[in-house]
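Analysis of the macromolecular model
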Amino acid sequence: MQKNFNPYYAVIFTSTQKDNIVGYEDMASKMEELAKLQDGYLGMDSVRNSVGITVSYWKSLGAIKKWKQHSEHLQAQHLGRTKWYNWYNVRICKVESEYDFKL
């Protein structure tokens, strides 16, 4: 059990991509670097196969809302809908506890 755990939020972005995703990798890298500069950003985990899952971690719902409305992020969202994704889903969850295992 962890002591003094401060709850935080996870934004879970799950997606499938179109066949032609020119420019996607550059934009994804740019968004990751930009997210790191945002107040309230805590980190990110990402994996992609036939389905991609990216989980970003935030201190508050307000920080998530500001990130969603960031002008460069809005542009990336638009390109995602029009050029890169067949489907995506966004879930926002409150993390109240965590644990891990490491060899």
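Shown above is the structure to which this text applies.
Quantities reported herein were computed from a predicted structural model and do not represent experimental measurements. In every chain, residue numbers begin from 1 and rise along the written sequence. Side-chain atom pairs in this predicted model are given and counted only at pLDDT of 80 or more, local residue features only at pLDDT of at least 70, and totals for whole chains, interfaces and linings cover all residues. Calculation of side-chain values draws on the structure's entire complement of heavy atoms; hydrogens and water are dropped beforehand.

**So, the overall build of the chain**
Helix and strand counts for the chain stand at three helices and four strands. Only runs of H or I of at least four residues qualify as helices and only runs of E of at least two qualify as strands under DSSP, and these elements are numbered from the N terminus. The linear arrangement of helices and strands in the chain, starting from the amino end, is β-α-β-β-α-α-β. On the principal axes, the C-alpha backbone points of the chain span a range of 45 × 30 × 20 Å. Taken over 103 residues, the chain has a buried fraction of 31%. In what follows, residue pairs with any heavy atoms lying within 4.5 Å of each other are defined as contacts. Considering only contacts within the chain whose residues lie at least 6 apart along the sequence, 76% involve residues at least 24 apart. Relative accessibility under 20% of the residue-type maximum defines a buried residue, over 50% an exposed one, and the middle range a partly exposed one, all with a 1.4 Å probe and only protein chains included.

**A closer look at the side chain of Q17**
With respect to the secondary-structure elements, Q17 resides in strand β1 (residues 8–17). Among the residues examined, Q17 registers a relative accessible area of 16% and is labelled buried. Contact partners of Q17, with chain neighbours within four places excluded, come to Y24, R48, W84, Y85 and N86.

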